[in-house]
Amino acid sequence: MLKQVKGRWACLFLDFRFYLPLKTIQAKKETATIRGDVVPFQTKMTQAAQMLIAIAEHFSTAPILTVTDSWFGNNGLWKPVYKAIGSRFNILSRLRCNNVLYDRPEKRKPKQRGAE
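What this report covers is the structure whose coordinates are included nearby.

Some thoughts on unusual backbone geometry
Of note, Lys-28 is a non-glycine position whose phi angle comes to about 55 degrees, a positive value. Along the chain, Lys-28 falls in the loop between α1 (22-26) and β3 (33-34). Of note in the backbone geometry, Arg-35 takes a positive phi value of approximately 55 degrees without being a glycine. One can find Arg-35 in the loop between β3 and β4 (37-38). Judged by its relative accessible area of 82%, Arg-35 falls in the exposed class.

Thoughts on the pairing of strand β5 (residues 64-67)
A one-sided burial pattern is seen for β5, the buried positions being Ile-64 and Thr-66 and the unburied ones Leu-65 and Val-67. Bridging between β5 and strand β6 (residues 89-92) involves 4 bridges; their strand directions are parallel. Within β6, the residue paired with Ile-64 across the bridge is Phe-89. You can see the chain leave β5, run along helix α3 (residues 75-85) and come back into β6, and the turn it takes is right-handed.

Quick notes on the packing of helix α2 (residues 44-58) against α3
Here α2 crosses α3 at 25 degrees, and the two axes come no closer than 9 Å. By the angle between their directions, the pair α2 and α3 is classed as roughly parallel. Crossing hand, α2 versus α3: right-handed. Contacts between α2 and α3 pair Met-45, Ala-48, Ala-49, Leu-52, Ile-53 and Ala-56 from the former with Gly-76, Leu-77, Pro-80, Val-81, Ala-84 and Ile-85 from the latter. Here the contact of α2 with α3 is built from residues that sort into 11 nonpolar, 1 polar and no charged.

Some points on the side chain of Gln-47
Structurally, Gln-47 can be placed in helix α2. Residue classification places Gln-47 among the buried positions, given a relative accessible area of 9%. When residues no more than four places from it in sequence are discounted, the contact partners of Gln-47 are Arg-17, Phe-18, Tyr-19 and Gln-42.

Section: the nonpolar core
Listed in full, the 10 residues of the largest apolar core are Met-45, Ala-48, Ala-49, Leu-52, Ala-56, Ile-64, Leu-77, Val-81, Ile-85 and Phe-89. Those elements giving two or more residues to this core turn out to be α2 and α3. Per element, the largest residue contribution to this core is 5 residues, and it comes from α2. When neighbours within four sequence positions are excluded, Leu-52 is seen to be in contact with Thr-66, Leu-77, Val-81, Ile-85 and Phe-89.

What about the environment of Ile-53?
Note on placement: Ile-53 falls in helix α2. Under the relative-accessibility criterion, Ile-53 is labelled partly exposed at 22%. In sequence terms Ile-53 and Lys-83 are 30 residues apart; their C-alpha atoms lie 9.8 Å from each other. Other than its neighbours up to four places away in sequence, Ile-53 contacts Pro-80, Val-81, Ala-84 and Ile-85.

Rules used in this analysis
Residues numbered from 1 in each chain as written. Predicted model: local features only at pLDDT ≥ 70, side-chain atom pairs only at ≥ 80, totals over all residues. Heavy atoms only, no water. Helix = DSSP H or I, 4+ residues; strand = E, 2+ residues; numbered from the N terminus. Buried < 20%, exposed > 50% of the residue type's maximum accessible area, 1.4 Å probe, protein only. Pairing = 2+ DSSP bridges. Right-handed = clockwise from strand over helix to strand, strands pointing away. Axes fitted to C-alpha atoms, helices over the stretch in contact; angles between N-to-C directions. Parallel < 35°, antiparallel > 145°, perpendicular 65-115°, else oblique. Left-handed = near helix turned anticlockwise from the far one by under 90°. Contact = heavy atoms within 4.5 Å. Nonpolar A, V, L, I, M, F, W, Y, C, P; charged D, E, K, R; others polar. Core = buried A, V, L, I, M, F, W, Y, C linked by side-chain atoms within 4.5 Å.

Following this line, the structure appears as structure tokens:
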């Protein structure tokens, strides 16, 4: 979630999950267990979609803009989330890690100095 904190935008994480490769789960390694039970395998796309859908349920009227790198910016994420959330879901992808995102500027006052 993006939130203004002391006049600057901050990204606040609402959910996260650890991805475990299929071979780790199939080998039933200790790192693939929770309280002794082996966790079921999920792809990264499935995990991301489930997290976004769960978060969107808490913000049922707000538009959801997901900012991803190019790996997630395809139908593997878009289709399941759009099916569950609908037209209030959007993806902004193919961003590099050093890009900076800005909010739209405030509405200008009449005869205000500067570029229009």
